[in-house]
Amino acid sequence: MAVQTMSKAGPRHHAGHRGRPPRRMPKIKTVIVAGAAYIVAFVFLFPYLVMLLTSLRSQESLREVSFWPDEWVWSNLGNFWTSGLAGNLWVTLKVAGGSTILVLLVALPAAYYSARHNFRGRTAFLILVLITQMFQPTAMLVGIYREFFQFGLVDSTWSLILVNGGFNLAFAVWILNAYFASIPRELEEAAFIDGNGRFGALFRITLPLAMPGVITALIFTFIAAWNEFVVALTLTTTPANQPLTVALNSFIGQYQVDWQNLFAGSVIATIPVIVLFALIERKVVGGLTAGSIK
C-alpha cells in the first residue's frame, strides 16, 4: 500500500511542476524603457526631495555641502502652523474648491449641449472657447484689477474664485465635450424608452459614464487654482485674505531668505494636491484618453 501511495503521489507532484509556466527573462527593450522611465521619474522627483531635506535643516546648516542634513529640525514643519499660515491654507482650499465647483457647474451643461446638438455657430463657439484658453492672466492684470475694483471685490476670496474659474473654464469644456461625444447616443435613447427624460438620462446614464472626464477637469482646475500666484498677488492686499502661494512670500525678506521655513511651507502646500491626485489618478488617465479609441 505504501508503494502504491508513493507511486500515485509522484506523478501528481511531477505534473504540478510541469504545469507551472517557466519564468521568462524580460526583453531588452522592456528593460531599456523601464530604466528610462525610472530616470525621468528621478529627474522630476529630485527637486521635491531637495525641498523636503532643506525644510528639515537648521539655519546654520543651510550652507553645508553635505546632501543629507547633519541635524534634523522637525520643528520647521511645526512653525507652519504657529506662524499663522494655516489660515492662508484655508483660503487656498476655498479658492481652489470654489473655482472647481464653478467650472463644473458651467462646463458640464455647455459641453453636453455642444456635444449632443449641431446648432448654428457650434464650431465658432468651440473655437471661441479655445481662443480664451490662449489668454494669460498676466496680460490682463490691469483690466482684471480695474473691473473688480469697480465692483468692490478687491481683496476678496470671491474675486479669486471668479478669475480662476474663468481661466480654467475653456479647458474643462473641451475635455468634457470630447468625452460626451465619445458616449453613444443609443444609450440615452434606450433610457428615453424606459421612461427617463433628458435630465434623467443625463444623470443616470451619461454622467456616470463621463465621470473620468469630469474627474480630469476637476483635478486640473483644482491644481491650477491651487498654484495660481500672480492674480492673487494683485487682487489681495490683506495678509489674512491671501492664499498660501502669496503668503509664503513673508519668508522672503529684503536681505535674507528664511529658506527652511519657506520650503517647509512648500512641502505642506504640496501634500493635499499629491493626495488628491493619487486617489483619482486612474480616472485622470481615462479622461485624458477619452475619444482616442473608437
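About the criteria used
Residues numbered from 1 in each chain as written. Predicted model: local features only at pLDDT ≥ 70, side-chain atom pairs only at ≥ 80, totals over all residues. Heavy atoms only, no water. Helix = DSSP H or I, 4+ residues; strand = E, 2+ residues; numbered from the N terminus. Contact = heavy atoms within 4.5 Å. Patch = residues over 30% accessible without salt bridge, like charges linked within 9 Å, V, L, I, M, F, W, Y side chains within 5 Å. Areas by Shrake-Rupley, 256 points an atom, 1.4 Å probe, with all protein chains shown as cover. Salt bridge = Lys/Arg side-chain N within 4 Å of Asp/Glu carboxyl O. Axes fitted to C-alpha atoms, helices over the stretch in contact; angles between N-to-C directions. Nonpolar A, V, L, I, M, F, W, Y, C, P; charged D, E, K, R; others polar. UniProt positions renumbered as here; feature names shortened; annotations may be inferred. pLDDT = per-residue confidence, 0-100. Polar contact = N/O pair within 3.5 Å; in protein donor to acceptor, adjacent residues only side chain to side chain. Core = buried A, V, L, I, M, F, W, Y, C linked by side-chain atoms within 4.5 Å. Buried < 20%, exposed > 50% of the residue type's maximum accessible area, 1.4 Å probe, protein only.

## As for the overall build of the protein
Across its full length, the protein holds 14 helices and zero strands. The helix and strand sequence of the protein, counted from the amino end, reads α-α-α-α-α-α-α-α-α-α-α-α-α-α. Look at the contacts in the protein between residues 6 or more apart in sequence, and 71% of them connect residues 24 or more apart.

## A few points about the environment of Phe80
Counting through the fold element by element, Phe80 comes out in helix H3 (residues 75-82). When the C-alpha atoms of Phe80 and Leu262 are compared, they prove to be 9.0 Å apart, with 182 residues separating the residues in sequence. Ignoring anything within four residues of it in the chain, the contact list for Phe80 reads Leu85, Ala86, Leu89, Leu244, Gly265 and Ile268.

## Structural notes on the environment of Tyr112
Counting through the fold element by element, Tyr112 comes out in helix H4 (residues 85-116). A sequence separation of 94 residues divides Tyr112 from Thr206, and the C-alpha atoms of the two residues are 9.3 Å apart.

## Points about a nonpolar patch on the surface
On the surface, a nonpolar cluster with roughly 1,200 Å² of combined accessible area is contributed by Ile39, Val40, Phe42, Val43, Phe44, Phe46, Leu49, Leu52, Phe67, Trp68, Trp72 and Trp74. For Leu52, the position within the fold is in helix H2 (residues 28-55).

## Thoughts on the packing of helix H9 (residues 198-209) against helix H10 (residues 211-227)
If you want to describe how two helices pack, look at the angle between their axes and the distance between the axes. Viewed as axis vectors pointing N to C, H9 and H10 meet at an angle of 65°, and their least axial separation amounts to 4 Å. Contacts from Leu207, Pro208 and Leu209 of H9 reach H10 at Met211, Pro212 and Val214. Here the residues of the contact of H9 with H10 are counted per class, giving six nonpolar, no polar and no charged.

## Description of the UniProt feature "transmembrane region" (unreviewed entry) in the protein
Under the present numbering, the feature "transmembrane region" (unreviewed entry) in UniProt falls on residues 30-53, 89-113, 125-145, 157-180, 201-226 and 262-280. In residues 125-145, the share of helix is 71% and the share of strand is 0%. The end C-alpha atoms are 27 Å apart.

## Comments concerning the confidence of the model for the protein
Per-residue confidence for the protein gives a mean pLDDT of 80; residues scoring 70 or more make up 86%. By mean pLDDT, the top-scoring element of the protein is H4 (91), and the lowest-scoring one is helix H1 (residues 2-19) (48). Scored below 50 in pLDDT, residues 1-17 shows zero contacts in the model against residues more than four places distant or in partner chains.

## What to know about the side chain of Thr54
Take Thr54: it is sitting in helix H2. In terms of polar contacts, Thr54 uses its side chain to reach the backbone carbonyl oxygen of Val50, at 2.7 Å. Setting aside residues up to four positions removed in sequence, Thr54 forms contacts with Leu62, Gln260 and Phe263.

## Some points on the nonpolar core
Grouped together as the largest cluster of nonpolar side chains are 19 residues, with contacts concentrated most on Ala107, Leu176 and Phe180. If you list the elements that add at least two residues to this core, you get H4, helix H7 (157-182), H9 and H10. The contact partners of Phe180, leaving out residues within four places of it in the chain, are Leu108, Ala111, Tyr112, Ala115, Arg116, Thr206, Leu207 and Ala210. Ranked by size, the runner-up nonpolar core spans 15 residues in total, among them Phe80, Leu248, Phe251 and Val273.

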